[in-house]
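Analysis of the macromolecular model
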Amino acid sequence: QVQLVESGGGSVQAGGSLRLSCAVSTRTFSTYTMGWFRQAPGKEREFVAVIGRSGGNSYYADSVKGRFTISRDNAKNTVYLQMNSLKAEDTAVYYCAADSTIGVVTTRQEDYDFWGQGTQVTVSS
């Protein structure tokens, strides 16, 4: 069973930064596409960022492009989300997810096989 544990959430003022981490318990971490999603209060969960198995390709939601950076360290079984210039509208529970499909980098939630429990990010204006 693959387990994902997010950390690094918290409260920050608008304009600040946070770095989320997601540790994945699997011997085959490098075979998973990794994604970050978020769910704001009263809203549906949405795509934030995705990174391919080798880390060579990544994609972002338009709302975070230029402010967030996704990265991974396959030696540490960890994926990161660096969040800069945070805005109040970034307030949400952030989830990491793992997709085992080979050769596909997907932004669709339904394609992901494993999910973390989420970490709260609160940005005050």
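Refer to the structure printed above.
Residues numbered from 1 in each chain as written. Predicted model: local features only at pLDDT ≥ 70, side-chain atom pairs only at ≥ 80, totals over all residues. Heavy atoms only, no water.

1. Some words on the pairing of strand β5 (residues 46-51)
Counted only if it meets this: Residue burial is assigned from relative accessible area. The probe radius is 1.4 Å, only protein chains are included, and a residue is buried under 20% of its type maximum, exposed over 50%, and partly exposed in between. Helix and strand assignments follow DSSP, with helices taken as H or I runs no shorter than four residues and strands as E runs no shorter than two, numbered in order from the N terminus. By the convention used here, strands pair only if DSSP detects at least 2 bridges between them.
Among the 6 residues that make up β5, 5 are buried, leaving the element largely enclosed by the rest of the structure. Here strand β4 (residues 33-39) pairs with β5 via 5 bridges, running antiparallel. Note on β5: the bridge partner recorded for M34 is I51. Taken together, β4 and the strand that follows it, β5, pair antiparallel across an intervening segment of 6 residues, in which G42 is found at a positive phi of about 75°. Bridge count for β5 against strand β6 (residues 58-60) is 3 bridges, and the pairing is antiparallel. Bridge assignment links V50 to a residue of β6, and that residue is Y59. Where β5 folds back on β6, the antiparallel hairpin that results is connected by 6 residues, among which G55 adopts a positive phi of roughly 85°.

The values are spatial; any link to function lies outside them.
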